[in-house]
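This is what each chain is made of:
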Amino acid sequence: MTDVSEKTSYPSSWKKPPLIRRAWLRYALWFGAAIYLALAFGTMEVNWGRVAEGIPRGQKFLSAFFPPDFSSRWDSILDGMLESIWMAVIATVAGIALSVPVGLGAARNLAPLPVYLVCRSIVAISRTFPEIILAIFAVKLFGFGPFAGFLALSIATVGFFAKLLAEDIENMDPVQAEAIRSTGASWLQWINYAVQPQVMPRMIGLSMYRLDINFRESAVVGIVGGGGIGATLLTSFDRYEFDSAAAILIIIIVIVMGLEYLSGYLRKWVQ
């Protein structure tokens, strides 16, 4: 009698199956992508002489950033950094406070159709323009300063946070919501005990993520007059003080990394 194990041979290693099983279709897609990239690159007007001339200039430009200078303009850097931090924090708090009622109204399983359409329109409009465009409008209306940056970041926060809050509410577990509703709870009690526990952990993480975004965008809106560290950074570039600009960029990176670790800790603590 022949042993079954002698007849059956199994592979000794596992190989991930391809995303597209048909080999001819895979090769056709790769070939088409290569032709497209070749044609797209061929339509670009690249002056290779200027590229060759720009390489040594780029090396000189990058070498001017080192070593970073933290001392000569430290007072201006500190003032701009504190202004950006406070602008980001206040814009995040104000934007989230405005986002909560808008997000509740933009959830289809929570709001009647007229309220849903109005809130979805608010979300769509606030998401239409990037922060720098909103800052330009705010600077034209209210003048230079952190108030313009605060308005731009707050409006952008509403579009970001309200949309994600509405989507989380629409995707929540309906069993828990129906259980709370069956007890005869009021609408506010239903929101507090059925909706809020399901969306709160993710909302805390998104709040820290939005604070991270607002701080980084505060450097961008400052370039167009929205205050914060962006104005200080632009001044450093205008004065060719690239070593001070390098110091500002390093500080921004350190603060963003700190916010990232803080966000991860808070999400783990809440969960």
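To keep things clear, this report deals only with the structure shown in the data block.

The next point concerns the layout of surface pockets. Space inside the largest pocket adds up to approximately 190 Å³. Val 100, Leu 165, Val 199, Met 200 and Met 203 are, among the 14 residues lining the largest pocket, the residues nearest its centre. Those elements giving two or more residues to the lining of the largest pocket turn out to be helix H4 (74-105), helix H7 (146-170) and helix H9 (187-223). Ranked by residue count, the leading element in the lining of the largest pocket is H9, at 8 residues.

Where charged atoms of side chains with opposite charge meet at close range, the side chains can pair. If you walk through the whole model with that rule in mind, you get 4 salt bridges. The shortest N-O distance in the salt bridge between Arg 216 and Asp 212 comes to 3.0 Å. Here Arg 216 pairs with Asp 212, and both are found in helix H9, just 4 residues apart, close to one helical turn. Judged by its relative accessible area of 5%, Asp 212 is buried.

Next up on the list: the environment of Met 208. Along the chain, Met 208 falls in helix H9. Residue Met 208 is classed as buried on the basis of its relative accessible area, which comes to 12%. A C-alpha to C-alpha distance of 12 Å links Met 208 and Met 257, two positions 49 residues apart in sequence.

The rules behind each value
- Residues numbered from 1 in each chain as written.
- Predicted model: local features only at pLDDT ≥ 70, side-chain atom pairs only at ≥ 80, totals over all residues.
- Heavy atoms only, no water.
- 1 Å grid on protein atoms, 1.4 Å probe; cavity = no way out; pocket = protein on both sides within 12 Å on 5 of 7 lines; lining within 4 Å.
- Points joined across faces, edges and corners; volume = space filled by probe spheres on them.
- Helix = DSSP H or I, 4+ residues; strand = E, 2+ residues; numbered from the N terminus.
- Salt bridge = Lys/Arg side-chain N within 4 Å of Asp/Glu carboxyl O.
- Buried < 20%, exposed > 50% of the residue type's maximum accessible area, 1.4 Å probe, protein only.

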